[in-house]
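Observations on chain architecture
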Amino acid sequence: MPKYVLQHWHFYQPRRNDKWAKKINEECYSPNSNNGILDHVSFNVGPTLIEWFLKNDKETLERMIKADKGQALAQPYNHRIMPLIRHDEDLKTQIIWGKKHFKTFFGRDPEGMWLPETATSKRVCKELARQGIKYTIGSPWQKKGREDTSKPYKVNLGGGLEIIYFFYNHFSGKIAFNNQTDSGVRLLDNVDVALDQLVSFAKNGETLLLAYDGETFGHHHKLADRWAEYFPKGVKKRKDIKMISISDYLKNFEVNNLADILDNSSWSCLCGGLERWTKGCGCAGGYKKYQEPMLKALEKIEDEIHDIFVNESSPYFKDVWDARNDYIDLKLGNIKEEQFFKEHLKEATSKENEFLLKKILEAEYHVQLSFTSCGWFPSRLGAQAEQNMIDAYSSAKLVEEVVNKNLVSKLISDLDLVEDWIEERGRKKHITGKELLLKHIT
Ligand SMILES: [Zn+2]
């Protein structure tokens, strides 16, 4: 029986300046959408990256979509660290919005979902399963007990729910991070050497998944898009190895082995938890002063916005959370405003009330965006954290236009506690979240 090799490519960019995204596109997205690799691997494209393609390079997006024969996965809408979400309704919404966004572009319901930073918990997986997601991907150390990446596993979630977990193999790291291997050959220079190593790495009959950021190929490693182009051809020449996508694998094989997952674990925080996105950790250069106060400030706004949303809109909407979940269809242009209100209002109301309801829904939208994980990821308070704070501000501002409440000034004073030291012209400079935000609003 041949060894099966599966790959997953995670394509994602947060909202960031166009110059940067353009460079990554030229080096990675565009060539890899053109060289045939996506026909052979599982992949997902984050919604913010899809939005970028729509504005800047529709052809690349079209090629990615065309490559999908069932092997593309969806992603929770705006890359929140899912186990850190406190309210069940937000957990649901992230998955629902991710599925709706996926369907809008790929024209079908997703079978698999890539969890941001592969951050997981049983609670998160239960919600995935409830929403019809069949499989996801994890790092080898996210399996409870002995590491085993030689086959996929079924995870029982209780209440008749289950999800299939593909834990990727450590060989992924050899390709993504270690340029130099034991034999002194760069794995990203020579596919045949990489395949030899891969085969000797795996025992006979194993099913190995390799998972990485899609940006590895061409952006992090220059010209590795050519490597990706040759990979399927290199595999085809061999008898000891076969390449298959996750979705095709699941069509052909039943997964019966059982495993459990480690709650609150991820692929990119190696400290055994999710500290990278709560208070900073060794992976992000140690404890950082900015992360925890920023999380607390934004959680406070989130709670306030939710309370106001429920209070203000429940007299009008049949179900406030259903309305919020479908709001993404309005944003995506899948549904007309008139139809949206017709479906969700208990009874017709004035245009003025509809206008105010839309404002609070938009506040709910921005408060979701304010938890994009990239804001906490780097060791320094930077542009992505700034973007999250702007979203929290937009949310607070919108709500202030609807109810007589003072949210903006409270947010600003909380963000004064978000501190860091940055390097500016060779000097250390003290900055606060408040200063970063005020640049945008005064
Ligand atoms: Zn860590």
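Refer to the structure printed above.
All of the points below concern the structure found in this document. (Residues numbered from 1 in each chain as written. Predicted model: local features only at pLDDT ≥ 70, side-chain atom pairs only at ≥ 80, totals over all residues. Heavy atoms only, no water.)

Turning our attention to the side chain of Glu386. Mapping Glu386 onto the fold places it in helix α14 (residues 383-400). The exposure class assigned to Glu386 is buried, which follows from its relative accessible area of 14%. Excluding anything up to four places from it in sequence, Glu386 contacts Leu436, Lys439 and His440. (Helix = DSSP H or I, 4+ residues; strand = E, 2+ residues; numbered from the N terminus. Buried < 20%, exposed > 50% of the residue type's maximum accessible area, 1.4 Å probe, protein only. Contact = heavy atoms within 4.5 Å.)

Two numbers describe a pair of aromatic rings. These are the distance of the centres and the angle of the planes. Evaluation of the coordinates by the stated rule reveals 30 aromatic pairs. Summarising the aromatic geometry, the rings of Tyr4 and Tyr249 are spaced 6.2 Å apart at their centres and angled 80° between planes, so their arrangement reads as edge-to-face. Here Tyr4 is found in strand β1 (residues 3-11), whereas its partner Tyr249 is found in helix α9 (residues 246-252), with 245 residues between them in sequence. Classification of Tyr249 as buried rests on a relative accessible area of 8%. With a centroid separation of 4.7 Å and 40° between ring planes, the pair formed by Tyr249 and Phe253 is classed as tilted. Residue classification places Phe253 among the partly exposed residues on the basis of a relative accessible area of 27%. Through a chain of ring-to-ring contacts, the aromatic side chains of Trp9, Phe11, Tyr29, Trp52, Phe53, Tyr212, Phe217, Trp227 and Phe231 assemble into a single cluster. (Phe/Tyr/Trp six-rings, centres within 6.5 Å; stacked < 30°, edge-to-face > 60°.)

Glancing now at the coordination of the zinc ion. For the zinc ion, the full set of protein donor atoms is Cys269 (SG), Cys271 (SG), Cys281 (SG) and Cys283 (SG), and the range of their distances to it is 2.3 to 2.4 Å. One can describe the site at the zinc ion as tetrahedral: its four donor atoms subtend angles covering 99 to 126° at the metal. We note that the donor set of the zinc ion lies within a single chain, spaced as C-x1-C-x9-C-x1-C. Of this pair, Cys269 sits in the loop between α9 and β9 (280-281) while Cys281 sits in strand β9, and the two are twelve residues apart along the sequence. The pair formed by Cys269 and Cys281 is uniform in burial state, with each residue classed as buried. (Donors = N, O, S within 2.8 Å, 3.2 Å for Na, K, Ca; no water. Tetrahedral: all angles 85-135°; square planar, octahedral: opposite > 155°, others 65-115°.)

Counting residues in hydrophobic clusters, the biggest one holds 66 residues, and the most contacted among them are Trp9, Phe11, Phe43, Val45, Ile175, Phe217 and Trp227. Setting aside chain neighbours within four positions, we find Trp227 in contact with Ile175, Leu187, Leu188, Asp189, Asn190, Val191, Ala194 and Phe217. Core analysis: the second largest hydrophobic core is formed by 57 residues, Tyr77, Cys269, Ala323 and Ile422 among them. (Core = buried A, V, L, I, M, F, W, Y, C linked by side-chain atoms within 4.5 Å.)

Turning next to the packing of helix α2 (residues 47-56) against helix α3 (residues 58-67). When two helices pack together, you describe them by how their axes are tilted relative to each other and by the distance separating the axes. Running from amino to carboxyl end, α2 crosses α3 at an angle of 130°, the nearest separation of the two axes being 6 Å. The angle between α2 and α3 falls in the class oblique. Along the contact surface, α2 presents Ile50, Phe53, Leu54 and Asn56, while α3 presents Lys58, Thr60, Leu61 and Met64. The class makeup of the residues in the contact of α2 with α3 is five nonpolar, two polar and one charged. (Axes fitted to C-alpha atoms, helices over the stretch in contact; angles between N-to-C directions. Parallel < 35°, antiparallel > 145°, perpendicular 65-115°, else oblique. Nonpolar A, V, L, I, M, F, W, Y, C, P; charged D, E, K, R; others polar.)

No statement about biological role is implied by the geometric values presented.
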